[in-house]
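Take a look at the letters that make up each chain.
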Amino acid sequence: MIGMLIDVTKCVGCEKCVAACVKANGCDPAAADRDRATSPDGLSADRLTTVQPIGWDHFAKKACMHCLEPSCVSACLVGGITRSENGAVVYDPDKCIGCRYCMLACPFHVPRYEWSAKVPFMKKCELCEERLADGEIPACADACPQNAIEFGERDELLRLAHQRIGENPDGYIDHVWGEHEFGGTSVLYISDADLAELGWPSPDTESIPHLVEPVMHATPIVGGSVLASVAGVNWIVRRRMQQMHGPDASSNGHGGGEQ
Amino acid sequence: MQAWIDFAMGPLFAFSLGVMALGLLRHLVLQLDTLFRRKRSRLKYMPWNKMLHDSLEWALPVRHLTSGNVIFSNASFVFHIGAILVPLFYAGHIVLWEQWLGVKLWSIGNGFADVLTVITILAVLVLLVSRIAVPRLRAISRNSDVSLLVLILLPFISGFLAAHPAFNPLPWQTMFLIHLLSAEALLILVPFTKLSHIVLIFFDRISEIHWQLRPGAGDRVAETVLGKEAKV
Amino acid sequence: MSELELTTDRTQRIKDVLWALTFAGLVAMLLRFVFGLGATTNLDDRVPWGLWKIFNMISGAALATCGFTVGFLGHVLHLKPFDRMVKPAILVAFLGYGASLFALLFDIGLPWRFWHPFVHWNIHSFLFEVFWCVSCYFVITFLELSPTLLERLGLAKLRGVLSKAAGVFVIIGITLSSLHHTSLGSLFLVTPQRLHALWYSPIISLLFIISAIGGGLMLLALIKTLHSWWYDPSRVFGGTMVREGVVCKTCGGDSENGATPEGPDLHVVRALVTAGAWVLSVYLLLKIGDLVLRPEARAALLAGTWESVLYVVELLSAAILPVLLVLIKPVRRSPYALAVTAGLAAFGLALNRVDVGIFGYFRDAGELYFPSAIEWVITFGVLAMAGLAFFFIIENFSVFDDRWKRLADSELKFSSSFDRLTWVWNHRLMTGLERASLIALIVLPLAWITLYPPFLESTPPDTRAPLAVDAARDTLRIDANRDGLDAVFAHTAHKQRLGGEESCVNCHHLSMPADRATPCSECHRAMEAETVIFNHEQHLAWVAEDKELGGWIPENQSCVECHSGQARSAASAKACMECHREDMHAVDPANGRLAQFAATSYHSAMHNTCIPCHTENALTQNRPELDRCTTCHQFGVPEGLEENLQMRELVEVRIRRQ
């Protein structure tokens, strides 16, 4: 269960993490440069992470939050997005059909689409899957000169977060963003400024799969009962028609349009 | 003005070329359809030889140039040579074909193109005067026969003037725009008027209406004009 | 004969329009695949779902519910007036779902993988369920329709088998339909933060299926009325239409008096509309209940935003007005009023889906989405194709009636004609390939030139900065694309270092005539694109005046002053500097030769002006700091670049990328 802890008090907004991310994911630097100005929040298919200003002197890195109960994983109709064993939410381009439901489903507006490509795919942070396999840490955490991005086990990071808040209660708001919101996220934030601007809801917000999957799981029951009741009604009506008109009557309802 | 020229050389040119190409293709397909339907029906006889013969004869109509209405026939023949060579192979047009169709054609010399253009213009004038002044021709000429000749005259004259600033009484851009617009109007009209004989001439023998191009077949056209279109 | 004439008259214009839309749609479909989603649609990361998914798919499926509802009423319950509408209802469902699925192929990014959900499962996804149910239901509608098609095509044996199985198909179809119509609503349950509170309801699934049932019945009533209007007005519109076999041309008027006999099929339309209104009244109650029980929806409605107005309009059209209208007795007797009621409800249903799927997200997206021309053309192109298929099937198979049996198979032959086009159009080309192809040859090129993305490309935004005023300042902060990464340029210091006023031409390599130091942005107007700075029209006059040319129109003689060769094109023109070396202080430090018509982008103009000098001095004076990006960009460099990168390398990188 890996994760990242982003300390907003340490971030100076240099965007070295963005540069490292662009490089690590093989994105086009020129397009990343352009999208910084054109994308409303700075994320795009060529900028999988961005630094958003909060007020005028705070900055926060934004990318996929790697939710513990991800809405996109639940939404993807081909199961192309999965939560891997280490907690990273990863995408399988071989399954994707390009429906973009994940983009609608994500409460953080994270998934981005390669709109200009003729064979487009979804793009988002995958917690540097390949670098982790090589024993390295994610590129952004590696590049940060301020050590504002801590990478490690989520439990460790949570302890660290509370420790930092405890050591310096005046320097932080006593809240770890991502601990409970939407059922918890692997990317955690601590800050001395309110992060509501980044789209964080209130802490007791339920995870979206938790909200909708019970409805989805009721489907077979609904379907089965509709099937049974329609078939039952059909049988009753046919029987009564047979009783009233004799055996032929039941099949002439089909004649339809003859006038 | 430049914006208009850009539009006429860009989208409008693509449009008119598209209408002409699709229109001629449509004529071709529908004619072939008629042809095969005819073959399937009782009319087993297909005048292949005649079709070939007629097509070749129109390519080199020696017989008509020496007898009948000699002036008209010769003017028409000369006009067709100019009308095919100049639009396709004039040096200035080569650039356009290359830009839009990706084919690089050979060009004819500018001097030759000039002479050919003047001859073509004169030939069209002869045809025009004949259609208006000669009573027999006038009787079988429809309004569209005359107005199409005028429309054909426009791009030739404006093109010639645009290429020869010494004779050009209008600013170059105006003349060039007239050239573009009139030529494009002509391209668009091809599938809808008798100009479609570009394709249909080969099917002359089997068309349902025998639109006879032969001199002497004008009586049938006259019938059309007078509304006696019995066979449809 | 009169009947035949009427037939062609009433549907001809509609079919013409449908053909035109179809051909335009084909062009747009081609462009969509050639240029990709980004260039052809107005969708973006904030608005990932647009017209094709919401209007074509979700509204389309909702309007096509009559297939299963009328199937239930007619086929399972054997209710009297509805059993006659089963075949038309199934046809509407088949075409509606077919069109919806077809439109989806243009919407999804990788349409050749449309079959993936059959293989790769995610049973937790609503979209997965929708996909399975919709595609299976589409097959079911086809199987339900096939006996009708086979009737004309022969194959009596197969038809018999399919007819026997019809009951099973109907029951499976009802099950699949009720599942996917609820799930289409549940699709939006995953966006509690994003969908506007007025439409985000926990019972959205229930609202979706009930409104779809009601609106679908209404649409079928409308189609039945239109069918009668097109082919046989007396059946719905009553007896005044046809007098002794002569068609009354003014039947659209209000000449009816009270004694008009009712059309024999009017009661079918009335039954459909009344049944639809019953369902819609349940929908209305649910909607009101939803509004009352959810405080955030109440607040949103009372907020008086445009969403609340839209919500009221939608509810009026979808439920309130249809239900109220049906309560009025004269409305139930008039075919026109019934058609208006049905049309209103069907429109309201479609609007509801668009509200939920498009308008409801505007506030969250922070931007308005208006579909691009290509999106509209494909949307209506697909619908037009379905419309043409509808006309073809009802005219050639026994769907509404057996009309095709009575029609003579009149084969109109094409003939090359040079008659007046209008005459040909109105009298000769009534139907068939000839007429459609004539529409095609106008519409295809027209659609091409109006939709072709390169023709529509807007000119790059003008980033001209008011530098002329700034020239008086000692230090300039240059940030042409307003990204905050400004370069600090000590203008006065540079001037003094390089040799005072004499040194202006070092950088201001091409001033406007009679100007000593024209600002860079005067010509390098776009940040990342080249700008055409050559004014051909003006040059004609200038050259004629300067060279004192004669003739009727002096400008016309000016071509040969600049152009050589046969074709007068940019390639045959001489370089600007051949004439302007003196008056424009022209020195081009980059390569000694000026590009002829276009100024390079502002970005590369700046870099190409500063970097050569900086790198050279960094080496000769042994001052490596001169060669760093951060020397000028003191507030940071664009991401993707190392801060310690030397400018030299940057130039090389750019050259390699180009």
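Definitions and cut-offs
- Residues numbered from 1 in each chain as written.
- Chains lettered and ligands numbered in written order.
- Predicted model: local features only at pLDDT ≥ 70, side-chain atom pairs only at ≥ 80, totals over all residues.
- Heavy atoms only, no water.
- Helix = DSSP H or I, 4+ residues; strand = E, 2+ residues; numbered from the N terminus.
- Rg over C-alpha atoms; globule rule 2.2 N^0.38 Å.
- Buried < 20%, exposed > 50% of the residue type's maximum accessible area, 1.4 Å probe, protein only.
- Contact = heavy atoms within 4.5 Å.
- Areas by Shrake-Rupley, 256 points an atom, 1.4 Å probe, with all protein chains shown as cover.
- pLDDT = per-residue confidence, 0-100.
- Axes fitted to C-alpha atoms, helices over the stretch in contact; angles between N-to-C directions.
- Left-handed = near helix turned anticlockwise from the far one by under 90°.
- Nonpolar A, V, L, I, M, F, W, Y, C, P; charged D, E, K, R; others polar.
- Pairing = 2+ DSSP bridges.
- Core = buried A, V, L, I, M, F, W, Y, C linked by side-chain atoms within 4.5 Å.
- Phe/Tyr/Trp six-rings, centres within 6.5 Å; stacked < 30°, edge-to-face > 60°.
- Buried area = accessible area lost by both parts, 1.4 Å probe.
- Salt bridge = Lys/Arg side-chain N within 4 Å of Asp/Glu carboxyl O.
- Polar contact = N/O pair within 3.5 Å; in protein donor to acceptor, adjacent residues only side chain to side chain.
- Disulfide = S-S within 2.5 Å.
- Domains from an automatic or database assignment.
- Parallel < 35°, antiparallel > 145°, perpendicular 65-115°, else oblique.

J.: Could you clarify how one ought to interpret the overall build of chain A in this entry?
T.: On a plain count of helices and strands, chain A comes out with nine helices and nine strands. Taken over C-alpha atoms, the radius of gyration comes to 26 Å for chain A, far larger than the 18 Å a tight globule of 259 residues would show. With respect to the principal axes defined by its C-alpha atoms, chain A has extents near 90 × 45 × 35 Å. A buried classification covers 54% of the 259 residues belonging to chain A. Across chain A, every contact between residues at least 6 apart in sequence was considered, and the portion connecting residues at least 24 apart equals 55%. Element-wise, carbon and sulfur atoms account for 53% of the exposed surface of chain A, whose accessible area totals about 11,300 Å².

J.: Honestly, the confidence of the model for chain B in this entry has me stumped. Any pointers?
T.: Low pLDDT means the predicted atomic positions in that stretch should not be read closely. Averaged over all residues, the pLDDT of chain B is 79; the fraction at 70 or higher stands at 82%. Listed scores for the predicted complex are pTM 0.80 and ipTM 0.89.

J.: Which parts of the structure should I look at to understand the packing of helix α10 (residues 204–231) of chain C against helix α16 (residues 335–357) of chain C?
T.: Describing two packed helices takes the angle between their axes plus the distance from one axis to the other. Residues and elements named next belong to chain C. One can describe the packing of α10 onto α16 by two numbers: an axis separation of 8 Å at closest approach and a directional angle of 140°. Taken as a pair, α10 and α16 cross one another with a handedness that is left-handed. The segment α10 lies against α16, with I204, F208, S211, A212, G215, G216, M218, L219, A221, L222, T225 and W229 engaging P335, Y336, A339, T341, A342, G343, A345, A346, L349, N352, R353 and V356. Classifying every residue of the contact of α10 with α16 by side-chain character gives 16 nonpolar, seven polar and one charged.

J.: Explain helix α1 (residues 16–24) of chain A here, please?
T.: Each full turn of the α-helix corresponds to 3.6 residues, which orients residues three or four apart in the same direction. All names here are of chain A. Within α1, burial applies to C17, V18, A19, A20, C21 and V22. Against the buried residues of α1 lie α2 (29–38), β2 (50–54), β3 (58–62), α6 (139–143) and β8 (149–153). G26 sits one or two residues past α1 and shows a positive phi near 65°.

J.: Sorry, what's going on with the pairing of strand β3 (residues 475–478) of chain C here?
T.: In regular strands, side chains alternate between the two faces of the sheet. Residue and element names in this part refer to chain C. Of the two faces of β3, the one lined by L476 and I478 is fully buried and the one lined by T475 and R477 carries no buried residue. Across four bridges, β3 lies against strand β4 (residues 487–490) in antiparallel orientation. Bridge pairing in β4 links L476 to F489.

J.: Just to check I follow, could you spell out the nonpolar core for this structure?
T.: One recurring pattern in soluble globular proteins: nonpolar side chains tend to sit buried together. Counting 204 residues, the largest nonpolar core has Y101 and Y189 of chain A together with L187 and F188 of chain C as its most contacted members. Sorting elements by how many residues they give to this core places α10 of chain C first, with 16 residues. Counting residues in each nonpolar core, the second largest holds 31 residues, with F13, L24, F79 and L127 of chain B among its members.

J.: What is the right way to look at the environment of E206 of chain A in this model?
T.: Residue and element names in this part refer to chain A. With respect to the element layout, E206 can be found in the loop between β9 (187–190) and α8 (208–217). Each C-alpha atom of the pair E206 and E69 lies 9.8 Å from the other, and the pair is 137 residues apart in sequence. Aside from chain neighbours lying at most four places away, what touches E206 is F182, G183 and L211.

J.: So what exactly am I meant to see when it comes to the packing of aromatic side chains here?
T.: Aromatic rings in a pair are described by how distant their centres are and how their planes are angled relative to each other. Applying the stated rule across the entire model yields 37 aromatic pairs over all chains. Relative to Y452 of chain C, the ring of F35 of chain C has its centre 5.6 Å away and its plane inclined at 80°; by these criteria the two rings are edge-to-face. In this pair, F35 of chain C sits in helix α1 (residues 2–40) while Y452 of chain C sits in the loop between α21 (432–451) and α22 (453–456), placing the two residues 417 residues apart along the sequence. We classify F35 of chain C as partly exposed; its relative accessible area is 21%. The class for Y452 of chain C is partly exposed, based on a relative accessible area of 23%. Each residue in the set Y101 of chain A together with W49, F188, F208 and Y361 of chain C is aromatic and connected to the rest through ring pairs, giving one cluster.

J.: Any chance you could explain the interface of chain C and chain A here in plain terms?
T.: In many analyses, interface size is given as the accessible surface area lost on bringing the parts together. Listed as interface residues are 70 residues of chain C and, on the opposing side, 72 residues of chain A. Between chain C and chain A the total buried area reaches about 6,300 Å² when both faces are included, carbon and sulfur atoms providing 60% of it. Between chain C and chain A we count two salt bridges in total. For the salt bridge of R46 of chain C with D41 of chain A, the shortest nitrogen-to-oxygen distance reads 3.8 Å. If you look at where chain C meets chain A, you find 26 residue pairs in polar contact (both at pLDDT 80 or more).

J.: Explanation requested: the sheet that holds strand β1 (residues 2–7) of chain A in the structure shown.
T.: Strand pairing in a sheet takes place through backbone hydrogen bonds and is either antiparallel or parallel in direction. Residues and elements named next belong to chain A. One open sheet accounts for three strands, arranged β8-β1-β9; its pairing is mixed. Each edge of the open sheet is held by one strand with a lone partner, namely β8 and β9. Taken pair by pair, the neighbouring strands of this sheet meet at an average axis angle of 25°, ignoring direction. Here β1 pairs with β8 via five bridges, running antiparallel. Its bridge partner lying in β8, L5 is registered against E150. Each of β1, β8 and β9 is contacted by helix α7 (residues 154–167), which is oriented at about 135° to β8, the strand it contacts most.

J.: Just to check I follow, could you spell out unusual backbone geometry for this structure?
T.: With the exception of glycine, most residues fall at negative phi, and the peptide bonds are largely trans. Residue and element names in this part refer to chain A. The backbone of H66 sits at a positive phi, close to 50°, despite the residue not being glycine. When you line up the elements, H66 lands in the loop between β3 and α3 (71–75). We note that C128 has phi near 45°; this positive angle belongs to a residue other than glycine. Summarising the element assignment, C128 is placed in the loop between β7 (122–123) and α5 (129–133). By relative accessible area, which is 16% here, C128 ends up buried.

J.: Can you walk me through the state of the cysteines in this structure?
T.: Here is the idea: a disulfide is a covalent bond, and it sits between the sulfur atoms of two cysteines. Tallied over the entire structure, the rule returns zero disulfides over all chains. Unpaired in terms of disulfides, C64 of chain A finds its nearest cysteine sulfur in C125 of chain A, a separation of 5.7 Å. Take C64 of chain A: its relative accessible area is 10%, and that puts it in the buried class. Among the cysteines around C610 of chain C, which has no disulfide bond, C632 of chain C carries the closest sulfur, lying 5.8 Å off.

J.: Whenever I open this one, the pairing of β1 of chain A confuses me. Can you help?
T.: Residue and element names in this part refer to chain A. With respect to burial, β1 is a largely interior element, six of its six residues being buried. Residues I2, M4 and I6 line one face of β1 and the alternating positions G3, L5 and D7 line the opposite face, and both faces are buried. Across four bridges, β1 lies against β9 in parallel orientation. Paired with I6 across the two strands is Y189, which belongs to β9.

J.: Looking at this model, I keep getting lost on the domain arrangement of chain A. Mind explaining?
T.: Here chain A is partitioned into domain 1 (2–206) and domain 2 (218–254). For domain 1 of chain A versus domain 2 of chain A, the separation of C-alpha centres amounts to 54 Å.

J.: Help me out: how do you make sense of the side chain of S228 of chain C in this one?
T.: All names here are of chain C. Within the secondary structure layout, S228 lies in helix α10. The exposure class assigned to S228 is buried, which follows from its relative accessible area of 4%. From its side chain, S228 meets the backbone nitrogen of V236 in a polar contact 3.3 Å long. Not counting the four nearest positions on each side in its chain, S228 is found in contact with P233, R235, V236 and F237.

J.: I keep staring at the pattern of salt bridges and nothing clicks. Help me out?
T.: Where charged atoms of side chains with opposite charge meet at close range, the side chains can pair. All told, the structure shown has 27 salt bridges over all chains when counted by the stated rule. Across the pair R112 of chain A and D41 of chain A runs a salt bridge, and its minimum N-O distance is 2.8 Å. Of the two residues, R112 of chain A sits in strand β6 (residues 112–113) while D41 of chain A sits in the loop between α2 and β2, which places them 71 residues apart along the sequence. Comparing R112 of chain A with D41 of chain A shows no difference in burial state: the two are buried. A single network of salt bridges, built from pairs that share partners, joins D41, K62 and R112 of chain A together with R46 of chain C.

J.: What is the right way to read the confidence of the model for chain A from this model?
T.: Of the residues in chain A, 94% have a pLDDT of 70 or more, and the chain-wide mean is 87. The least confident element of chain A is α2 of chain A, whose mean pLDDT is 78; the most confident is strand β5 (residues 89–91) of chain A, at 95.

J.: Looking at this model, I keep getting lost on the packing of helix α5 (residues 86–107) of chain C against α10 of chain C. Mind explaining?
T.: Residue and element names in this part refer to chain C. Orientation of α5 relative to α10, taken along the N-to-C sense of each, is 110°, at an axis distance of 11 Å. Comparing their axes, α10 and α5 come out roughly perpendicular. For the pair α5 and α10, the contacting residues are P88, A89 and V92 in the first and L219, L220 and I223 in the second. In the contact of α5 with α10, the residues fall into six nonpolar, no polar and no charged.

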